[in-house]
Amino acid sequence: MTDIVAELLNLLEIEQLEVDLFRGIGSGGETTMRIFGGQVIAQALAAAYKTVDGRLCHSLHAYFIRPGDPSIPVIYSVDRARDGGSFTTRRVIAIQHGKQILNMSASFHVEEEGLHHQHEMPKVPEPETLESRAKWREDNIDRVPEKHRHEFLRKRPIEIREVAPLDWFDPKVVDDRNHLWFRMPGARDANPQMQHCLMAYASDMNLLGSGLRPHGQTWFTGQVMTASLDHAMWFHAPVNFADWHLYTMDSPFTGGARGFNRGTIYTHDGELVASVAQEGLIRPIKKKPK
């Protein structure tokens, strides 16, 4: 196991402090200025899983309330809302500096048989034919200020290959539909609960960016302020995040300084394993008058 894989797995192995009270590491995720939203969701789900036996999460709904501070740990308080015959419900509050930074509800379901159908996976190029994001970063390092180059090139445990990537530094107006392949080979031996946490972590990657594509913007242009406001996720089938999955996203609406984004996640063989929805802040930055 590589160091970067061990670091992410350790990030999601939260510490129990008391009954229904847990502590997670704040630093070490995708971002350094504030805690990556997917990290807080994944840790909150890990905390909920610590209080549930024999059932897997089928849905979660979270609100981001304040930016997370990566310099200190995050405390997670779990409320055992209900333990029913088929469903278990948990409410998780993430706390830093004595204030909520996220609250999340999650529901867990016993395994049952039932009717089944799904939409087909879009036809896109195979991941092996696409350039990795890591390679793109290497090729574009000269466009990054020297003080940020170490972070820009930092190795990451989740491999990403985009089907139609934007040029982060000079984006053009394109369709909101957005596809990428992602996987984490180091997740091969993770248990089903950790597989869910890892996919929840990764589900916050690129999703908000779908709402920027029709406007020819990215986080690097300095023309918009962005932040995730809420995040919902539904798990439909078992996950093995060590294998390639297709994350297909779109943004049906952007307006009022908010963008609404959706995502569906398929296995390489075309099985729909998860769906995602998120609204994010997309606020144009107004230049101050001289």
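Before any of the text, the structure's been laid out above.
What you are looking at is a predicted structure, and each value in this text was computed from that prediction instead of being measured.

(A) Spatial organisation of the packing of aromatic side chains. The full count for this structure, using the stated rule, is 11 aromatic pairs. Judged by centre distance (5.1 Å) and plane angle (70°), the ring pair of F36 and Y201 falls under edge-to-face. In this pair, F36 is assigned in the loop between β2 (21–24) and α2 (37–49) and Y201 in helix α5 (residues 192–202), connecting sequence segments 165 residues apart. For Y201, a relative accessible area of 1% translates into the label buried. An angle of 85° between the planes, with centres 6.3 Å apart, marks the rings of F152 and F220 as edge-to-face. Placement of the pair is F152 in helix α4 (residues 149–152) and F220 in the loop between α5 and β9 (224–235), with a sequence separation of 68 residues. Given the relative accessible area of 40%, F220 is considered partly exposed. An aromatic cluster is defined as three or more aromatic residues linked by ring pairs; in this entry it consists of W136, F152, W168, F169 and F220.

(B) Summary view of the environment of R55. The topology assignment puts R55 in the loop between α2 and β3 (56–64). The exposure class assigned to R55 is buried, which follows from its relative accessible area of 14%. Sequence-wise, R55 and T88 are 33 residues apart; in three dimensions their C-alpha atoms are separated by 7.9 Å. Excluding anything up to four places from it in sequence, R55 contacts Y49, G84, G85, S86, F87, T88, F108, H109 and V110. At a separation of 2.9 Å, a polar atom in the side chain of R55 contacts the main-chain carbonyl oxygen of G85.

Parameters and conventions
- Residues numbered from 1 in each chain as written.
- Predicted model: local features only at pLDDT ≥ 70, side-chain atom pairs only at ≥ 80, totals over all residues.
- Heavy atoms only, no water.
- Phe/Tyr/Trp six-rings, centres within 6.5 Å; stacked < 30°, edge-to-face > 60°.
- Helix = DSSP H or I, 4+ residues; strand = E, 2+ residues; numbered from the N terminus.
- Buried < 20%, exposed > 50% of the residue type's maximum accessible area, 1.4 Å probe, protein only.
- Contact = heavy atoms within 4.5 Å.
- Polar contact = N/O pair within 3.5 Å; in protein donor to acceptor, adjacent residues only side chain to side chain.

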